[in-house]
Amino acid sequence: MTKLLLADEENLKAAAEIIKGGGLVAFPTETVYGLGADGLNEDAVKGIYKAKGRPSDNPLILHIQDLNELTRLVKEINDTARTLMENFWPGPMTLVFKKTDIVPSVISGGLDTVAIRYPSNEIACQLIRVSGTPIAAPSANTSSRPSPTKASHVYEDLKDKIDMIIDGGSCDIGLESTVIDVTSKTPVILRPGGITIEDIKKFFPDVCYDKHLTNTDENIQPKSPGMKYKHYAPSGELYILDGDIEKIKEFILNNSDENTAVFTYDEYEIAFPYTRSLGSINRPKDGCKVFFDLLRECDAKGITKIYSIMPSKNGVGFALFNRMFKASGGKIKKL
Ligand code: TXA
Ligand code: MG
């Protein structure tokens, strides 16, 4: 039986006991809910892959709340890593380092690197602190489903497969952290997220995206193994509609039925029964916060087709576009 509990001190202590004993606890972070286990306990980490149905070559992030922990987990902290850590930790940023032998290879999916994150969410930090170990945590969803931004999403996917869910309400950001490779001098963004390329450019003007993020050619393999899998997918088909808004409205009217949903923005009024707003087109963080929740809502309502209007790709809008693109399986309709 999976316990669903509020994040008070007593429950966090009980959660930490489960982690120390090799069990699985889902907990909130500022990005999405994570499915945590003791990151230095191989069997516990294997339990994460099993509960999620996750391919074993897709490595996990280790979560810490004390910078002193880093030295035993990673081989080298170069100046690039240091600058990013000083400016963006704690927060929605994950750094990829060369790993030490203490990190089990089940965490790193057989790579010689390890991804580390220092979250800002107080509940997450407290759980890591009381557990006294780095916590391995992927997003707490069944593999390939939309990431969970509420405790109820975790329950939907993982009830009876994990020991406990700590309910900390809705996640602030709603999309996963920015993953950055810092094994060389120039940082490379492997997954866009809450910390944007514009934020990083202030310190590293030559920061770039991994090639697969800006090129939709399927032959280019992403450096972050997780980005190659089908991801964030709703049960229905999702199409991104891009182009003139009047043409988009016409297309929707001519190509929908009672099981179609439309994701739009406050600025565009669309006269369609099942319409949901991704907030303001000029404030993509609105869309980040609700996107996964809306995908799950559509599943629950039996929606078979979703038309989502192209977001602005500025700032965190690029991360929203990335998740939307993956959820659509690459289906963009130009109008
Ligand atoms: O916001 C987040 O990052 C959330 C919360 C719970 O912290 N976690 C999360 O974990 O999104 P997950 O497992 O769903 O995504 C981790 C991503 C995957 O794309 C994985 O391939 C990549 O990070 N990753 C992990 N270790 C890596 C490594 N050593 N090298 C390259 N990419 C790595
Ligand atoms: Mg995930």
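Residues numbered from 1 in each chain as written. Chains lettered and ligands numbered in written order. Predicted model: local features only at pLDDT ≥ 70, side-chain atom pairs only at ≥ 80, totals over all residues. Heavy atoms only, no water.

(A) Molecular detail of the packing of aromatic side chains. Under the counting rule described, the total for this entry stands at 11 aromatic pairs. Between the aromatic rings of tyrosine 239 and tyrosine 307, the centroid separation amounts to 5.9 Å while the plane-to-plane angle is 50 degrees, which identifies the pairing as tilted. Pair noted here: tyrosine 239 is in strand β12 (residues 237-242) and tyrosine 307 is in strand β15 (residues 305-309), with a separation of 68 residues, a long-range link. With a relative accessible area of 3%, tyrosine 307 lands in the buried category. Here phenylalanine 251 and tyrosine 307 contribute two aromatic rings whose centre-to-centre distance is 5.4 Å and whose plane-to-plane angle is 70 degrees, an arrangement assigned as edge-to-face. Of the two residues, phenylalanine 251 is situated in helix α10 (residues 245-254) and tyrosine 307 in strand β15; the sequence distance between them amounts to 56 residues. Residues phenylalanine 251 and tyrosine 307 agree in their burial class; the two are buried. Joined through ring pairs, the aromatic side chains of Tyr209, Phe318, Phe321 and Phe325 make up one cluster. (Phe/Tyr/Trp six-rings, centres within 6.5 Å; stacked < 30°, edge-to-face > 60°. Helix = DSSP H or I, 4+ residues; strand = E, 2+ residues; numbered from the N terminus. Buried < 20%, exposed > 50% of the residue type's maximum accessible area, 1.4 Å probe, protein only.)

(B) Examining the pairing of strand β9 (residues 178-181) more closely. Residues Thr178 and Ile180 line one face of β9 and the alternating positions Val179 and Asp181 line the opposite face, and both faces are buried. As defined by bridge partners, strand β5 (residues 93-98) adjoins β9 across four bridges and the pair is classed as parallel. Paired with threonine 94 across the two strands is valine 179, which belongs to β9. Inspection of the sheet shows β9 paired to strand β10 (residues 188-191) by three bridges, in the antiparallel sense. Bridged to isoleucine 180 within β10 is isoleucine 189. Hairpin connection of β9 to β10: six residues between the antiparallel strands. (Pairing = 2+ DSSP bridges.)

(C) Spotlight on unusual backbone geometry. Residue tryptophan 89 is joined to proline 90 through a cis peptide bond whose omega torsion reads -5 degrees. Its identity as a non-glycine residue notwithstanding, aspartate 160 has a phi of 75 degrees, on the positive side. Mapped onto the secondary structure, aspartate 160 falls in the loop between α7 (151-158) and β8 (164-167). According to the relative accessible area criterion, aspartate 160 is exposed, its value standing at 57%.

(D) Quick look at empty space enclosed by the protein. Throughout the structure, instances matching the rule amount to one cavity of 30 Å³ or more. Of the pockets and cavities examined, the largest cavity occupies roughly 40 Å³. What lines the largest cavity is simply Thr178, Ile189, Pro192, Gly193, Ile195, Thr196, Ile197, Tyr209, Gly315, Val316, Phe318 and Ala319. Here the residues of the lining of the largest cavity sort into eight nonpolar, four polar and no charged. (1 Å grid on protein atoms, 1.4 Å probe; cavity = no way out; pocket = protein on both sides within 12 Å on 5 of 7 lines; lining within 4 Å. Points joined across faces, edges and corners; volume = space filled by probe spheres on them. Nonpolar A, V, L, I, M, F, W, Y, C, P; charged D, E, K, R; others polar.)

Honestly, that's just the spatial picture; any functional story needs more than this.
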